[in-house]
Amino acid sequence: IEIQYQTYIKLFYPVNMIYISLVILYIDVVIAYFTRFTYEPLKHIKIKKQIDSSKYSFKLDLQSHQLSSYETRPYQRTYNSLKDQPKTNSKHFNDDNNRYRQSNNEDIQKLNNKSNNDFVFYLKSLASRKINLASSEKKLLSQMLRNRIPSLNCHEIAIITWSVGTLKLFTRNEDIIIISDSLVDRLNHYRNNINAEDMTMSLLGFARIGVKFSTKIPHLFLDSISRVSKDLDNQQVANCVWSLGKIGVIWQSLSIKSQKSLGEAIVRTSNKMAPQGVANTIQGLSNMGVSWVSLPNYLKINILDSIKLTVNLMKEQELSNCISGLGRLGVDWESLPNDLRDLLYKHIVRSSHDLNCKGLAMTIHGLGKMNVNIHSLSKIFYDNIDQSIINLSDIINSQEISNIIYGLGRLGFTITSPTNKDDSSHSQLSLSSQASTLLLQALCRESWQLTSQGVANSLWGFMLMNGNWKSMPSKVQSSYISSLSRECKHMQEQELGNTIYALGKLGMNWNDLPVSVQVDVLESIEDRIPFMASVGVVMLLLGLGRLKLFWNELPDAVINMISEAISRVLQTANHQTTSILIHALASCEAKWDYLTPQLQITIEEAIARSHWDLQQSEKKLKISTTGPIVKTDKLISSAKSKTNKSTNLPKPIAAVKIPSITANTTASTHKKSTKKSKGSISSPTSPFVKTRPLNQLDQFLQSDSVSSYHLIFSLGQLGVKWDNLGYSTKEMLLSCILTSISSMNEHAVVNIFYGLSNMNMKWVDIRNDVRQVLLTSIVRISNDLIEQGLSSLVLSLAKLDVCYQTDLPDEVKLSIRKAISKQSHLGEHSLSSLLYGLGKMSRKWKDLHVDVRQTLKAAIVVCHIDGRITAEGIANSIYGLGLMSADWTTLSSSVKLALINDIMKTINDTTPTQLVNILLGLGKMGASLKSLPVKITDKLQYRLTELIPHMNEQHISNLCLALSSVGLSWFDLPQRSRDYLLNQIKAITRLNTDEYLHSLGLTMIIVGMSRLGLKWAYFSTDLADSINSLLERSVQELSTQQLASVLSSLGKMTWRWDNLSNSLRDKILTRITRLSNSKKIVLQDVSIIMNSLGSLGLTWDTLSGPLKVSVLHWIKNISRLGNASELAGLVYGLGLMDCSWDKLVEDTRKCLLDGIIRVTSTNNSPSGTDSIKPWTFKYIPSEFSSRGNFQLQPQSLANLMYGLSLMIFDVSDDHLIDELNRIHISLLDAVSSIGLLKFSQTEREQILIYAHLLQTVITLPQPLLQGHHTPNEFTVHSSTSLMSTSSSRLQESVVNALTNALSCRSDDLEVLSEYSAFNGCLPVDASIFRGNKPVAFLEVDGPQHFKGDSLSLRRKDLMKETLYRKKHPDAAFTRVRFDQVNKLGSRYVGDEVANFITIISAHTQNISENDNGGFVNRYIERELQYTLEGKYLQDSFRLSHSKTSDFVYADVEEDNS
């Protein structure tokens, strides 16, 4: 029972006044008991006594004294007190309550006329009895306070502050701000007069008000803590510490003196504190952001001793507060003394079944923060926690739910039963199904009250509990999305970072959020990220990457703010922070080229600065450390022994596994919202520790799965190119490798290689010392590598352009071999990476160790049996086998069957790149599609038809080569595929922006088309014009090898020099002239270029003077230094260019003769190059680029002999003939040495032409020919003739007209088509015989037989005519041109030729065998030409050549004349 007093007391009660007060109290109690709430309040009972008026006066007024239950809760009269009363009393009760309220209001209104002392102690009396004031009363008192505060003294201010907080006087935020600021100002003013009691009351008042002190505004009165702390008793110390934490004071913001004095006060009073005081002290320190490790040992010991003394007396709520505070202080459970840990654990288990909602939440949260080992707790505790969740789920509030979920996650619980039985799940326990269901239902029920802090904490807890967003109930998902939409704009920096990261880790996709929520989240990021600390920025970027919200999808404003935040963090970041931040940026798929230049510069500067600071700190550490100097070899061995082996090596390309972290992401403290949910408790606000330095990520980097992602790996993921970095940055990175790689585990070492390869660094560009430590690290970690690490290492070495044979020492090769051989299982990803990497490192299949081959073959079969295959995996595997030159025919049937079946399974899922790689790989392995099952061939062609329209220029260029490599020709493709392919080629040849297409892509497309067998006739006019135009634009960008390949392929597609535009021809010749002056030009490329120019129809006489000088210079160099293939290509090209022997200067001729003798004579000497593939100049592989001292091959010898034949068939100078005799013998000796059986039909024809030339035209002396092959030993089928082509309509029409005309004139003349007088080579279009004797030979010449626009025959046609005239001097040899037939008609031309042959036949029949009829025949031939020309001229026909080389000329109807 309480009595309302109005007093003014400055000193203690006198003894007599105490007696009087007790008497009055007794009387009032008696009256109250007998009246039983029906009496009228006693009024006007006043006791006054003057006591030493010179010092103080005392006045006691007893007015309106009522029972406390009646005063404090006037509207909460219990049912038990009313059930026995008659109904008439209820009316009387209401009247009593109204009279009380009226009286109280009258008293408050009278306060305006009271003094400050009366006003202060009236409020104190109200607060002491915890009067529940009405809103109107609170408003009236607030107005009075605002007017009186400036005139109050220090003690009165302290009392007012305590009273205001206790009464919860404010109803509006503006009153809190105005009056709280006024109170703080007065306390700052009286800071030197504050005593221990005033400090305690002031802090308690502010804590109860709910004011949060900003760290930006100095509160001077807090400095008095150092002065008054020595006077604080145990209860005041606890209240002060609790209040400081409650009002948001950070421990580090206090002065050093205040920290020390407050700590000493805790030590002085800790052993006298009650259980509640101990709990409040610990909770206050945790709220102030104190870190346990930063406290002095004596303070930690006293705190732990006080817990030990009071733990058995603590109530459930006090114990919960204590556990929660210890957890937030950062106390580790295992670091506690054993006796204290046992006491705490026993008390926790004993009270766990009696916990209320608040106690349950704080206990679970605190144990989780203390890193309690889940297996150290008993099953009783699990059951009690589980049962408590079930019992309290209906009444638990939102904040308690979020703390429980977070604590369970930290303890290692899972929300559902773990399905995996691996090691990662053994350390976790799951809630019962009922508890999980009820907890989720409670979350859905209370989600509308979740604050921003609650959303962040609960999501973080679900993340720690291995939750998955997709598997969550839809109601839970909807609740979180709704809460996020509501609270997103109110989130602080740390909460926003937690939320984004947790959602990403839970597996949510950005597109799962509604558009309106997406906009709110992005706006919050834009507003909050400028104030985030390093951990917050890292978590935000990692979370965005996991949410699949990538850098290029972010709005420009958000990108700019994130870039500024990254720059801000990097300005003070250390080495580890820089590495993790760059990796987080890369996880958003941000690429270096798209970052702002300022951010790029900041990153480079941060790398250089952070590594420099790291080196300096290491030097200081070495200087301060004493001990013996360790030798280098011992250091390496010790580093190997100290290397921490990681138990789980993730793929370097996979997402980063980031552990749960606890750090503060808020760079600056802002005003926090005062909104509190009902039943709010004094509990942790987030999983961050406020006192962690903002620029450090120490706990974040403790996990090996994070720290092993080296800075170089992060830069590689970011897409930084090594050549684009500055010199100092490069040196810092290399130094970083040197200093750190020796102590790295296998995971980190693999990531170093992976990062270097992604940065496009080449092995030859790495310094020797760095290369040495990298190789040493491979040997050191090889025994610890598992499949993923091994495959990533080999693939990275391949991307670095490491050659297996030349760049790797034997020790490294042995280590890699052993690492591969010991793998018991290789997954599809690892297998494909391993095969591709070995192939790219030029490691041949046949050179692999037997154990390695067996391991790889077994892995191929096992992957097929397991069925875990993807299109990407099978494509990379087949392409890797192709790069390794694995012979398809030698692979085991099980391996081939596995590969074929895997292709069948995945063919419908292949992308254009994967399909092209499959075809390329099969081609490189020597597999022909025609030899594969029809089913897979059909599927490949069908999929090809589907994908061709979606292919880009790179796909098309590779596809052309791939199709030819698997044995397909142009007409083997379906018609739709051919049409699509031509359309795509036409489309990409018109592109003008892609640099790849301009050089390598263009080369590969043209080479691929030639290998497919495309001919000039198949090109449409617009496609040919597009290729012409593209070549004209890009010919200056082609390298020597690319230019050689392009010209060679054009020649094989029957393009002619005249088909090229004038400007393109000029640019080609100009480019060749410029390349000739290069010192790096390769002789092989020169040989191909000369060969190609000849195939295109360029003649020697059309070459410019400078170019001729260059060609003569090339001839000399190749003759002296070139191998047989290069020299044969040069001679072959000169022959096709109609360059006669006498057009070369004597110097050049001598060099060429010496060169031919040199390469042909080496054929008889032992050589180790027998396995080298023959060089085929007729079909030159563009990718062949290596040079060597090749042994003379059959194709090279045949090309050499044919080219020489074209050059020397018309040599008449005896001196020139004599100097050529020695090379004839050398060439014939080479044929004998090689053997006729090694030559193909085409090669035999070339040799046969040369042999007939020696026998018919040059007429070598018989003694020189003894012992060599004669032309009769060579036989060539006419269909394989080098000079023959398929009969055109022009030829057929003329021959048919001639046959018909001769049949009318003579019966003894016979016309033979495609007759050869030289053992099957060099056939003529028509031969006319009388019996067995040839009378005449007829050639119908199309435009390809002439040099450009002139009517001059090419040398190969002249050589053919020369041979026939020498072989049959009595027979006529006449020619009919295409223009004559087109103009005059085939019938007229046939009649005229028949007349000519009739005359010749009659003449040759009348002359004797000894007479030479050649003169007469030549005269008659000229008359025939005059006749055809005369008729041709009469019709005023102007000659104009078509622009095609294989044009089919239609017959022209003969004129009536």
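Thresholds applied
- Residues numbered from 1 in each chain as written.
- Predicted model: local features only at pLDDT ≥ 70, side-chain atom pairs only at ≥ 80, totals over all residues.
- Heavy atoms only, no water.
- Core = buried A, V, L, I, M, F, W, Y, C linked by side-chain atoms within 4.5 Å.
- Buried < 20%, exposed > 50% of the residue type's maximum accessible area, 1.4 Å probe, protein only.
- Helix = DSSP H or I, 4+ residues; strand = E, 2+ residues; numbered from the N terminus.
- Axes fitted to C-alpha atoms, helices over the stretch in contact; angles between N-to-C directions.
- Left-handed = near helix turned anticlockwise from the far one by under 90°.
- Contact = heavy atoms within 4.5 Å.
- Nonpolar A, V, L, I, M, F, W, Y, C, P; charged D, E, K, R; others polar.
- Phe/Tyr/Trp six-rings, centres within 6.5 Å; stacked < 30°, edge-to-face > 60°.
- Pairing = 2+ DSSP bridges.
- Patch = residues over 30% accessible without salt bridge, like charges linked within 9 Å, V, L, I, M, F, W, Y side chains within 5 Å.
- Areas by Shrake-Rupley, 256 points an atom, 1.4 Å probe, with all protein chains shown as cover.
- Salt bridge = Lys/Arg side-chain N within 4 Å of Asp/Glu carboxyl O.
- Lys, Arg positive; Asp, Glu negative; His and termini not counted.
- Charge placed at Lys NZ, Arg CZ, Asp CG, Glu CD.
- Parallel < 35°, antiparallel > 145°, perpendicular 65-115°, else oblique.
- Polar contact = N/O pair within 3.5 Å; in protein donor to acceptor, adjacent residues only side chain to side chain.
- Expected span 1.5 Å × (residues − 1).
- pLDDT = per-residue confidence, 0-100.

**Things to note about the nonpolar core**
Counting 389 residues, the largest nonpolar core has Leu 856 and Leu 922 as its most contacted members. Take this core: its biggest share by element is nine residues, from helix H55 (residues 1194–1208). Membership of the second largest hydrophobic core comes to 30 residues, among which are Leu 1290, Ala 1336, Phe 1346 and Phe 1396.

**Focus: the packing of helix H48 (residues 1021–1034) against helix H50 (residues 1062–1076)**
Orientation of H48 relative to H50, taken along the N-to-C sense of each, is 35 degrees, at an axis distance of 9 Å. In terms of crossing hand, the pair formed by H48 and H50 is left-handed. Touching Asn 1028, Leu 1031 and Glu 1032 of H48 are Ser 1063, Leu 1064 and Lys 1067, all from H50. Looking at side-chain class alone, the contact of H48 with H50 contains two nonpolar, two polar and two charged residues.

**Observations concerning the packing of aromatic side chains**
For the structure shown, the criterion picks out 16 aromatic pairs. With 5.4 Å between their ring centres and 90 degrees between their planes, Phe 971 and Tyr 1018 make a pair best called edge-to-face. In this pair, Phe 971 sits in the loop between helix H45 (953–965) and helix H46 (975–988) while Tyr 1018 sits in the loop between helix H47 (995–1012) and H48, placing the two residues 47 residues apart along the sequence. By relative accessible area, Tyr 1018 is classed as partly exposed at 33%. With a centroid separation of 6.4 Å and 40 degrees between ring planes, the pair formed by Phe 1337 and Phe 1373 is classed as tilted. Of this pair, Phe 1337 sits in strand S8 (residues 1333–1341) while Phe 1373 sits in strand S9 (residues 1372–1377), and the two are 36 residues apart along the sequence. Per residue, the accessibility class of Phe 1337 equals that of Phe 1373, and both read buried. Among the aromatic residues, those joined into a cluster by ring pairs are Phe 1318, Phe 1337, Tyr 1364 and Phe 1373.

**Considerations on the sheet that holds S8**
Pairing is mixed in the open sheet, where four strands are placed in the order S6-S7-S8-S9. Two strands in the sheet have a free side with no partner beyond their single neighbour: strand S6 (1309–1315) and S9. On average, each strand axis in the sheet is inclined to that of its neighbour by 25 degrees, with strand direction left out of account. When strand S7 (residues 1324–1330) meets S8, the two strands line up antiparallel, connected through five bridges. Paired with Ser 1327 across the strands is Phe 1337, a residue of S8. Contacts from helix H60 (residues 1355–1367) reach S6, S7, S8 and S9 within the one sheet, and its direction differs from that of S9 by about 155 degrees.

**Regarding a negative patch on the surface**
Residues Asp 1142, Asp 1213, Asp 1214 and Asp 1218 make up a contiguous surface patch of negative charge. Its location among the elements puts Asp 1142 in the loop between helix H53 (1124–1136) and helix H54 (1146–1161).

**Side note on the packing of helix H42 (residues 893–906) against helix H44 (residues 934–947)**
One can describe the packing of H42 onto H44 by two numbers: an axis separation of 10 Å at closest approach and a directional angle of 40 degrees. Looking at the two axes, H42 sits oblique to H44. The element H42 and its partner H44 pack so that their crossing is left-handed. For the pair H42 and H44, contact is made by Ile 900, Ile 903 and Met 904 and by Lys 935, Ile 936, Lys 939 and Leu 940, respectively. Residues of the contact of H42 with H44, tallied by class, amount to five nonpolar, no polar and two charged.

**Let's talk about the side chain of Ser 1327**
Mapped onto the secondary structure, Ser 1327 falls in strand S7. According to the relative accessible area criterion, Ser 1327 is buried, its value standing at 0%.

**Regarding the environment of Ser 977**
Checked against the element boundaries, Ser 977 lands in helix H46. Of the residues examined, Ser 977 reaches a relative accessible area of 0% and is grouped as buried. Those residues in contact with Ser 977, other than ones at most four positions away along the chain, are Gln 941, Thr 945 and Ile 948. Here Thr 945 takes part through its side chain, which lies 2.6 Å from a polar atom of the side chain of Ser 977.

**A few points about helix H56 (residues 1214–1234)**
In this model, H56 (21 residues) spans 31 Å end to end at C-alpha, consistent with the 30 Å of a helix rising 1.5 Å per residue. Capping of H56 at its N-terminal end is provided by Asp 1213; its side-chain oxygen lies 2.8 Å from the backbone amide nitrogen of His 1215. Downstream of H56 by a residue or two, Gly 1235 has a phi angle that is positive, lying close to 100 degrees.

**Description of the pattern of salt bridges**
One pass over the structure, following the stated rule, counts 26 salt bridges. Residue Arg 1355 pairs with Asp 1210 through a salt bridge whose shortest N-O separation is 2.7 Å. Of the two residues, Arg 1355 sits in helix H60 while Asp 1210 sits in the loop between H55 and H56, which places them 145 residues apart along the sequence. Judged by its relative accessible area of 40%, Asp 1210 is partly exposed. The shortest N-O distance in the salt bridge between Glu 1361 and Arg 1375 comes to 3.1 Å. One end of the pair, Glu 1361, is in helix H60; the other, Arg 1375, is in strand S9, with 14 residues separating them in the sequence.

**Observations regarding the environment of Arg 328**
Along the chain, the position of Arg 328 falls in helix H15 (residues 316–329). Exposure remark for Arg 328: the relative accessible area of 11% places this residue in the buried category. Sequence-wise, Arg 328 and Ser 286 are 42 residues apart; in three dimensions their C-alpha atoms are separated by 5.4 Å.

**Topic: the side chain of Thr 1040**
Tracing the sequence through the fold places Thr 1040 in helix H49 (residues 1040–1052). Not counting the four nearest positions on each side in its chain, Thr 1040 is found in contact with Leu 1075, Ile 1081, Asp 1085 and Ile 1089.

**Description of the environment of Ser 485**
The topology assignment puts Ser 485 in helix H23 (residues 474–487). Take Ser 485: its relative accessible area is 29%, and that puts it in the partly exposed class. For Ser 485 and Pro 514, which are 29 residues apart along the polypeptide, the C-alpha to C-alpha distance reads 9.2 Å. Once residues lying within four places of it in the same chain are set aside, the contact partners of Ser 485 are Val 517 and Asp 520.

**Side note on the confidence of the model for the protein**
Looking at the protein as a whole, its pLDDT mean stands at 77, while 77% of the residues score no less than 70. When the elements of the protein are averaged for pLDDT, helix H2 (residues 68–72) gives the smallest value, 30, and helix H25 (residues 515–528) the largest, 93. Below pLDDT 50 for its whole length, residues 35–97 participates in 96 contacts with residues either more than four positions away or in separate chains. Between residues 1436–1457, whose pLDDT stays under 50, and residues either more than four places distant or in other chains, the model counts 47 contacts.

**Some details on the pairing of S8**
Burial analysis of S8 places eight of its nine residues in the buried class, which makes it a mostly covered element. From the end of S7 to the start of S8, which pair antiparallel, there are two residues, and Gly 1331 there has a positive phi angle of about 70 degrees. Where S8 and S9 come together, six bridges link them in parallel fashion. In the strand pairing of S9, Phe 1337 is matched with Phe 1373.

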